[in-house]
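# Architecture and fold: a report
The primary structure of each chain is shown beneath.
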Amino acid sequence: MTSMEKVYNPHSIEQHWYQTWESQGYFVPQGNGHPYCIMLPPPNVTGSLHMGHGFGFTLMDVLIRYHRMCGDKTLWQAGTDHAGIATQMVVERKLNREGKTRHDLGREAFVEKIWEWKQESGGNISRQLRRLGASLDWSRERFTLDEELSHAVREVFIRLYEDGLIYRGERLVNWDPMLLTAISDLEVINEEEDGKLWHIRYPLVDTSGYVIVATTRPETLLGDVAVAVHPDDERYQSLIGKHVKLPLTDRTIPIIADNYVDPLFGTGCVKITPAHDFNDYAVGMRHGFTPLNIFTPTAHLNENAPKAYQGMERFHAREKIVHDLSAAGLIEKIDAHKLKVPRGEKTGVIIEPYLTKQWFLRMKPLAEPAIHAVETGKIKFIPENWNKTYFQWMNNIEDWCISRQLWWGHRIPVWYDAEGKSYVGHNEQDVRQRYHLTQDLPLTQDEDVLDTWFSSALWPFSSLGWPKQTEAFTTFFPTNVLITGFDIIFFWVARMIMMSLKFTGHVPFREIYITGLIRDNEGQKMSKSKGNVLDPIDLIDGISLEALVKKRTYGLMQPQMAERIEKNTRKDFPEGIPSYGTDALRFTFCSVASYTREIRFDVNRLGGYRNFCNKLWNASRYVLMNTEGQEADLKQQPPSLSLADRWILSRLQNTISEAHAALQHYRYDLFAQVLYDFTWNEFCDWYLELTKVDLSAGTRHTLIYVLEMLLRLLHPLMPFITEEIWQRIAPLAGKTGKSIMLEPYPQADEKQTDAAAIRELEWMKQVIIAIRTIRSEMNVPPGKALPVLLRKGSKVDRENMEQHQPMVSRLAKLESIRWLQADETPPPSATAFVGELEIFLPMAGFINKEEETARLNREMAKLQKDLQFIEAKLQNPNFADKAPAEVVAKERSKFEELKVTLSKLEGQLKQLAALTIKP
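Please read these numbers as outputs of a predicted model, since none were measured by experiment.

Moving on, we get to empty space enclosed by the protein. Using a probe with the size of a water molecule, rolled over the atoms, empty space left in the structure can be pinpointed. Tallying each qualifying case throughout the model produces 1 cavity of 30 Å³ or more. Space inside the largest cavity adds up to approximately 50 Å³. Along the walls of the largest cavity sit His82, Gly84, Ile85, Glu187, Arg404, Leu406, Trp408, Gly409, Val449, Leu450, Asp451 and Thr452, which together make up its complete lining. Mapped by element, the contributors of at least two residues to the lining of the largest cavity are α3 (84-97) and β20 (449-450). Considered class by class, the residues forming the lining of the largest cavity number 5 nonpolar, 4 polar and 3 charged.

Structure below.
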């Protein structure tokens with residue numbers, strides 16, 4: 001057995017152990033236990049690990065390692081998403097740098113280029129997941145464009161089409177004029193920007209006067225079909241049904257009444273442009289208007305606009321239109337106005353609501369059983385309040401635009417003949433067979449691809465082999481839990497539920513744990529433009545200040561932004577980011593994983609958990625140094641156990657129970673806290689110190705036993721350091737397994753709980769802490785032994801002190817302990833209380849009168865505050881009358897105890913004030 005290095009170095013062990021686990025096949029489902037499965041939300045194949053990934057994937061891995069150790073047949077399904085827009089953009093930009101476009105290559109050659117890029121660069125996120133310690137079954141790794149998954153996508157499309165749920169229609173969609181494709185709501189970023197509100201005069205027809213319409217987009221007035229007012233707005237009652245002349249055109253449009261209009265906004269008159277606004281589209285449909293599209297796919301004005309504006313880019317057209325309106329005297333006024341501007345997440349281009357032919361999926365028939373599944377508890381949201389968000393969206397669901405005008409993705413499995421008639425199938429030959437078409441009939445496949453979220457919605461079952469009834473599918477589906485952020489409940493979670501119920505008859509998972517979103521330490525969203533992005537790998541490995549500045553400012557086009565980000569980065573990280581190691585990062589992630597909506601991530605917390613790793617490492621070195629060479633004795637059952645041994649074993653059982661309870665309720669923060677407290681405060685700070693006083697054979701046995709159990713408790717949180725230490729501890733503990741990750745997770749043993757030992761040692765701790773507190777506050781040198789006087793106290797206090805006086809003297813650094821006689825008055829002393837027991841440290845020779853006065857005043861202030869709090873509670877009828885009688889009685893008893901203690905301290909303060917004490 002090799003001895004442990006003096007200093008813990010995470011980088012010297014992490015890669016070694018991960019390679020060992022993976023090469024030995026430890027991540028593959030094993031045994032005959034109950035199946036347990038989590039689906040990795042497939043990250044973009046183009047992507048890199050960000051803090052949201054690191055946080056969520058850590059939580060998943062904790063559960064996976066925990067259930068694997070609990071004996072479950074555990075699968076964490078690995079895979080990546082083809083990420084249609086993001087991936088296509090990466091390769092297109094690469095071509096652009098070579099002076100080419102995808103159209104120069106053609107569809108087939110361009111898609112082949114993407115596959116080449118994926119082979120070369122697409123494994124980055126998988127490598128980063130390994131760095132995080134993620135114990136995914138890589139042997140089953142899937143890609144959403146794998147042939148098996150692509151077959152499942154086509155099969156689902158065909159069945160939905162045959163069921164009448166998929167149709168092609170002309171609708172308004174989010175249109176990216178740079179990518180020339182529809183995009184989902186999730187890919188649209190709406191942020192507040194400074195703009196203008198133009199108040200435009202629309203002249204009335206057949207009479208003098210005009211109505212004033214306020215708009216933030218004057219260029220779209222060329223597509224207006226009506227002006228709307230609220231039906232109850234008395235200002236415009238006489239105008240409803242009349243017409244206005246549409247400025248800059250030769251058209252007239254009607255004035256209509258609709259409840260959509262807010263009479264308090266602007267003038268109460270709203271222009272209705274169904275082809276270029278989602279709300280206007282709904283109004284137009286209600287009133288039977290035909291939308292008038294005035295834009296081309298590239299957001300230039302088309303032939304439906306007056307000739308003077310045709311061919312103009314939309315914002316150049318805006319300038320020209322505003323100029324012409326002003327020249328015609330049709331601008332009433334222009335106000336500065338803040339508004340939400342929709343921009344494409346990938347391009348930053350302002351998104352157009354655009355009328356175009358797309359493929360849609362009818363959602364209401366799919367939504368009904370998905371709503372029922374949550375209502376009846378077949379699927380449970382954790383925390384439960386997310387049910388409301390889910391129901392709100394599902395009850396108001398609209399049809400889903402599933403087509404995208406891209407080349408990379410699942411091409412829509414629809415073929416057309418020369419007359420435009422459509423046929424669906426897996427491929428052209430399948431289409432001919434299904435529809436009995438002759439080989440000489442020309443067929444052309446639809447050019448569009450499916451929305452990436454379409455294939456993602458099938459992930460829980462397609463990745464397991466559906467539509468085949470594979471062993472993986474029949475074993476692990478439905479899966480157990482989905483862990484994800486609340487931002488994609490609509491776009492992914494709900495769609496997985498709908499698709500799984502439709503095609504398998506089962507829910508995709510039984511529980512959904514919704515995490516908060518990771519923010520910076522000030523609660524701000526992490527973004528490139530804010531310059532506050534943290535890279536999990538940088539937190540693991542460390543990064544120099546200059547490298548961090550370069551990373552945060554790379555690619556920024558605005559010099560002022562880059563300058564601001566550099567300044568803030570140098571202020572926040574003057575020495576860069578130190579190396580913390582994976583285990584410290586994982587522990588930090590878990591420690592902040594509560595039920596809150598947003599999670600503030602403070603890098604400074606990492607230092608505390610790196611120190612925790614060091615504390616565990618040093619404690620293990622101490623245990624090894626005191627047990628190596630004792631293998632023969634360790635194999636024997638110890639003849640007896642000390643009080644400290646029995647106490648730590650009892651506390652271990654309680655810790656085990658609390659750890660299980662925390663994880664079963666997805667309270668990672670409590671899981672981390674209970675293990676931190678036991679390890680640092682009880683095992684290291686108390687038990688190890690107690691063993692230095694009495695290192696018997698029983699204590700050596702207990703040291704090894706508790707440390708080995710503790711390592712297994714910690715393993716899901718901190719896989720690397722626990723494996724490294726366990727390999728050295730295991731032989732001494734009689735363990736012959738190959739890896740800690742394959743060992744059973746500890747289970748509480750009530751037989752090892754000794755309530756008396758807990759009471760005795762907790763009493764001892766209180767006495768020692770009371771004495772240490774006085775020593776610390778009075779600046780008594782650590783090595784100076786002090787006399788202590790005791791008074792009053794219960795029979796138990798006297799028995800405990802008699803039995804444990806050597807231990808108390810050793811740990812509290814005392815030269816003597818003496819009980820005062822009943823009528824004996826203590827000399828001027830610093831005083832502490834443990835229950836009824838009064839502890840006096842005579843002040844002569846070492847106590848400063850002013851400091852002791854200040855200490856007593858602090859203690860009294862704290863007691864007075866506690867008394868006021870309890871008194872207010874007891875006087876509150878809601879508590880005094882409604883709380884259980886035993887709870888109220890306990891509070892009254894506590895109130896009386898505090899009053900007695902306060903009285904004693906007041907007496908000590910008077911005594912101190914009356915005496916002259918020389919330091």
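Attention now goes to the packing of aromatic side chains. Counted under the stated rule, the structure contains 36 aromatic pairs. Measuring from ring centre to ring centre gives 5.8 Å for Trp466 and Phe503, while their planes differ by 65°; the resulting arrangement is edge-to-face. One end of the pair, Trp466, is in the loop between α14 (459-462) and α15 (471-476); the other, Phe503, is in helix α16 (residues 489-504), and 37 residues separate them in sequence. This pair shows no difference in class: Trp466 is buried, exactly as Phe503 is. Measuring from centroid to centroid gives 5.9 Å for Tyr609 and Tyr676, while their planes differ by 80°, and the two rings are edge-to-face.

This next bit is on the environment of Ile725. Tracing the backbone through its elements, the reader meets Ile725 in helix α26 (residues 719-729). By relative accessible area, Ile725 is classed as buried at 0%. Residues Ile725 and Leu711, spaced 14 residues apart in sequence, show a C-alpha to C-alpha distance of 7.8 Å. Apart from residues lying up to four places away in sequence, Ile725 is in contact with Met4, Leu616, Trp617, Ser620 and Leu711.

Pairs can form between side chains of opposite charge once their charged atoms are near each other. The full count for this structure, using the stated rule, is 49 salt bridges. Here Lys765 and Glu762 are joined by a salt bridge, their closest N and O atoms 3.5 Å apart. One end of the pair is Lys765 and the other is Glu762, both in helix α27 (residues 755-777) and 3 residues apart, which spans about a single turn. With a relative accessible area of 24%, Glu762 lands in the partly exposed category.

Between Trp466 and the following residue, Pro467, the backbone shows a cis peptide bond with an omega angle of 15°. Take Pro467: it is sitting in the loop between α14 and α15. A cis amide bond links Phe477 to the next residue, Pro478, at an omega of 0°. Within the secondary structure, Pro478 sits in the loop between α15 and β21 (479-485). Residues other than glycine seldom take positive phi values, yet His436 does so here, at roughly 55°. The residue His436 is located in the loop between α12 (428-435) and β19 (444-445) in this model. Here the phi dihedral of Tyr666 falls at roughly 60°; this positive angle occurs in a residue that is not glycine. Residue position: Tyr666 is located in the loop between α23 (643-664) and α24 (668-691).

Relative to the elements of secondary structure, Asn532 occurs in the loop between β23 (517-519) and α17 (536-541). The buried category is assigned to Asn532, whose relative accessible area is 12%. Aside from chain neighbours lying at most four places away, what touches Asn532 is Asp520, Gln524, Lys525, Met526, Ser527 and Arg552.

Our next topic: the packing of α23 against helix α25 (residues 697-714). Direction vectors running N to C along α23 and α25 enclose 10°, while the axes themselves pass 10 Å from each other. Looking at the two axes, α23 sits roughly parallel to α25. In this structure, α23 contributes Asp645, Ile648, Leu649, Leu652, Thr655, Ile656 and Ala659 to the contact, and α25 contributes Gly698, Thr699, Thr702, Tyr705, Val706, Met709 and Leu713. Residues that form the contact of α23 with α25 fall into these classes: 9 nonpolar, 4 polar and 1 charged.

Turning our eyes to something else, we now look at helix α7 (residues 147-162). Between its first and last C-alpha, α7 extends 22 Å over 16 residues, near the 22 Å set by a 1.5 Å rise per residue. Gly164 lies just past α7 and shows a positive phi near 75°.

Our focus in this paragraph is the environment of Leu75. The topology assignment puts Leu75 in strand β2 (residues 73-80). Its relative accessible area of 0% is what places Leu75 among the buried residues. Residues Leu75 and Val283, 208 residues apart in the sequence, show an inter-C-alpha distance of 50 Å. Other than its neighbours up to four places away in sequence, Leu75 contacts Pro29, Tyr36, Cys37, Ile38, Ile64, Asp137, Arg140, Leu464 and Phe476.

Here the focus is the layout of surface pockets. Of the volumes computed, that of the second largest pocket is approximately 1100 Å³. Lining the second largest pocket are 43 residues, and of these Thr216, Arg217, Asp277, Leu339 and Lys340 lie nearest its centre. Among the secondary structure elements, those contributing two or more residues to the lining of the second largest pocket are β6 (188-203), β7 (210-215), β11 (270-272), α8 (278-287), α9 (314-327), β12 (331-344) and β13 (352-361). At 8 residues, the largest contribution of residues to the lining of the second largest pocket is made by β6.

Turning to the sheet that holds strand β8 (residues 226-229), a few remarks are in order. Consider a sheet: its strands pair through backbone hydrogen bonds, and that pairing is either parallel or antiparallel. With mixed pairing, the 4 strands of this open sheet are ordered in space as β9-β10-β8-β11. Looking at the sheet topology across the chains shown, the edges are occupied by β9 (243-245) and β11. Between one strand axis and the next, the sheet turns through 35° on average, direction left out of account. Bridge count for β8 against strand β10 (residues 252-257) is 3 bridges, and the pairing is parallel. Counted as the bridge partner of Val229 is Ala257 from β10. Strand contacts of α8: β10 and β11, with the helix running at about 70° to β11, the strand carrying the most contacts.

Following both chains from N to C, one finds helix α21 (residues 604-625) and α26 inclined at 0°, their axes separated by 11 Å at the closest point. Between α21 and α26, the interaxial angle falls into the category roughly parallel. Mapping the contact onto sequence places Cys613, Leu616, Trp617, Ser620, Val623 and Leu624 in α21 and Ile721, Glu724, Ile725, Arg728 and Ile729 in α26. Looking at the contact of α21 with α26, its residues break down into 8 nonpolar, 1 polar and 2 charged.

What follows covers the pairing of β2. The buried fraction of β2 is high, at 7 of 8 residues. As judged from the 5 bridges shared by strand β1 (residues 35-39) and β2, these two strands associate in the parallel manner. Pairing of Ile38 across the sheet is with Trp76, part of β2. The β-α-β motif built from β1, the intervening helix α2 (residues 51-69) and the parallel element β2 has right-handed crossover chirality.

Reading guide: rules and limits
- Residues numbered from 1 in each chain as written.
- Predicted model: local features only at pLDDT ≥ 70, side-chain atom pairs only at ≥ 80, totals over all residues.
- Heavy atoms only, no water.
- 1 Å grid on protein atoms, 1.4 Å probe; cavity = no way out; pocket = protein on both sides within 12 Å on 5 of 7 lines; lining within 4 Å.
- Points joined across faces, edges and corners; volume = space filled by probe spheres on them.
- Helix = DSSP H or I, 4+ residues; strand = E, 2+ residues; numbered from the N terminus.
- Nonpolar A, V, L, I, M, F, W, Y, C, P; charged D, E, K, R; others polar.
- Phe/Tyr/Trp six-rings, centres within 6.5 Å; stacked < 30°, edge-to-face > 60°.
- Buried < 20%, exposed > 50% of the residue type's maximum accessible area, 1.4 Å probe, protein only.
- Contact = heavy atoms within 4.5 Å.
- Salt bridge = Lys/Arg side-chain N within 4 Å of Asp/Glu carboxyl O.
- Axes fitted to C-alpha atoms, helices over the stretch in contact; angles between N-to-C directions.
- Parallel < 35°, antiparallel > 145°, perpendicular 65-115°, else oblique.
- Expected span 1.5 Å × (residues − 1).
- Pairing = 2+ DSSP bridges.
- Right-handed = clockwise from strand over helix to strand, strands pointing away.

Function cannot be read off these values alone, since they describe shape.
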